Amino acid sequence: MNYNHSNARRGKPKRLLDPSAGSPTPPMAQNPYVQSMYNQQMPLNNGSMSEYGFPMPPQGPPPYGYNPQMPSYPPSESQPTEFTSPQFSTQFLAQPVVTDMAIQYGNALVGTGKQHLAKYVPITALKYYFAVNTDYVFAKLMLLFFPFVHKDWSVKYEQDVPLQPRYETNAPDMYIPTMAFFTYIAVAGLVLGMQERFTPEHLGILATSALGWGLSEMLVFIASLYGLNLQSSLTALDLLAYCGYKYVGINTALLISLIFRKFGYYIMLLYFSASIGIFLMRSLKLRVIPQGHSYTASGNKQRLFYVLALAGIQPVLMWWLSYDLI
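We now turn to the structure provided with this report. (Residues numbered from 1 in each chain as written. Predicted model: local features only at pLDDT ≥ 70, side-chain atom pairs only at ≥ 80, totals over all residues. Heavy atoms only, no water.)

**Quick notes on the overall build of the protein**
What counts, and what does not: Helix and strand definitions here come from DSSP, where helices need a minimum of 4 consecutive H or I residues and strands a minimum of 2 consecutive E residues; each element is numbered from the N-terminal end. Whether a residue is buried, partly exposed or exposed follows from its accessible area with a 1.4 Å probe, protein chains only, as a fraction of its type maximum: under 20%, in between, or over 50%, in that order. Here, residues are in contact when the closest pair of their heavy atoms is within 4.5 Å.
For the protein, the count of helices and strands is 11 helices and two strands. Going from the N terminus to the C terminus, the protein shows its helices and strands as α-α-α-α-α-α-β-β-α-α-α-α-α. Burial status across the protein gives 29% buried among its 326 residues. Sequence-distant contacts in the protein: of pairs separated by 6 or more residues, those separated by 24 or more amount to 76%.

**So, the side chain of Q314**
Which entries qualify depends on this criterion: Polar contacts, as counted here, are pairs of nitrogen or oxygen atoms within 3.5 Å of one another; within protein the pair requires one atom able to donate a hydrogen and one able to accept it, and residues that are adjacent in sequence qualify only if both atoms are side-chain atoms.
Within the secondary structure, Q314 sits in helix α11 (residues 297-320). A polar side-chain atom of Q314 sits 3.4 Å from a polar atom in the side chain of K246.

**Thoughts on helix α6 (residues 134-145)**
Stated precisely, the cut-off is as follows: To estimate how far a helix should reach, multiply one less than its number of residues by 1.5 Å.
Across its 12 residues, α6 extends 17 Å between first and last C-alpha, which sits within 8% of the 16 Å expected from 1.5 Å per residue. Along α6, the residues classified as buried are Y136, V137, K140, L143, L144 and F145. Lining the buried residues of α6 we find α7 (175-194) and α10 (246-288).

**A look at unusual backbone geometry**
Non-glycine residue E196 carries a positive phi angle of around 60 degrees. Overall, E196 belongs to the exposed group, its relative accessible area being 74%. Although it is not a glycine, R261 sits at a positive phi angle of roughly 60 degrees. Within the secondary structure, R261 is located in helix α10.

**Considering the layout of surface pockets**
The criterion, for reference: Of the grid points, spaced at 1 Å and generated over the protein atoms alone, those admitting a 1.4 Å probe that cannot get out make up cavities, while open sets with protein on both sides within 12 Å along at least five of seven lines make up pockets; any residue with an atom within 4 Å of a point is treated as lining. Grid points are joined across faces, edges and corners, and a volume is the space filled by probe spheres set on the points. All amino acids are sorted into three groups, where Ala, Val, Leu, Ile, Met, Phe, Trp, Tyr, Cys and Pro are nonpolar, Asp, Glu, Lys and Arg are charged, and the leftover types, Gly among them, are polar.
Each pocket or cavity is described by its volume, and for the largest pocket that value is around 290 Å³. Taken together, 15 residues make up the lining of the largest pocket; nearest its centre are P177, F181, L211, L240 and Y247. Mapped onto the lining of the largest pocket, the elements with two or more residues apiece are α7, α8 (200-227), α9 (236-244) and α10. Grouping the amino acids of the lining of the largest pocket by side-chain chemistry returns 10 nonpolar, three polar and two charged.

Here is the structure:
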């Protein structure tokens, strides 16, 4: 084929797709920040755009602290985090050294609390008054209801220490008075509910009044014991226990009043008033006027009046704390 050099093309040949020639570079492509986004974070798939479209970058310089090399998405679950992961806290607390330190600190804290509590509450003495069992509770309740059939009222000692209530029926305890007091609150709520007079405020006033009368009674008898200069083996917890037995009679009278109304209430109140009077006079006589001690006539009268006053006030308080409930 003959080639004619004279038939040269007129003008300069044009390329349709030449990135280095032709139209000028767009302003956005001149920004290095955008080029970085093109090259690293927004690659093209075979020359086509991503399925999410091209995100418009912010104008001007990148914000302070922004590193285009770091991805903006959160780390995947496969990438462990050292100090923000809950697993780190669990592993840290599971270390033997940390566990031992926590146990030692807890023991020290408990020991300090016991020392501060022992200054105000006689914990060792309270253990004695709550050392009871089922046989003792049953025998003591029978003694409260039927004291006139009991013969021996002395309290046995072992090495100058009185036997615990579980081994000695005549010993005072705090278990029965405490349970009887809470039972009194429950029975009072039951009686008020059956009479359609129950309100939380009324029950709270009743409980506060009973607690206040009990503490006032104990303080009066303790002050009288020291004011009259009566030498005895009675302690404050002994007086609190003896004065708390009246709630057994109050609960029984209130429960009977649910069936027999006022007649049953007064019959039971009179009977238990007599029984608790006998119980207290025989129990306290050996504690306030012990056998084998010679006192003057005036001293014996003071001790006898003290016992009679403590035993005689119990029926009055029983009626005062329960008459409004029938």
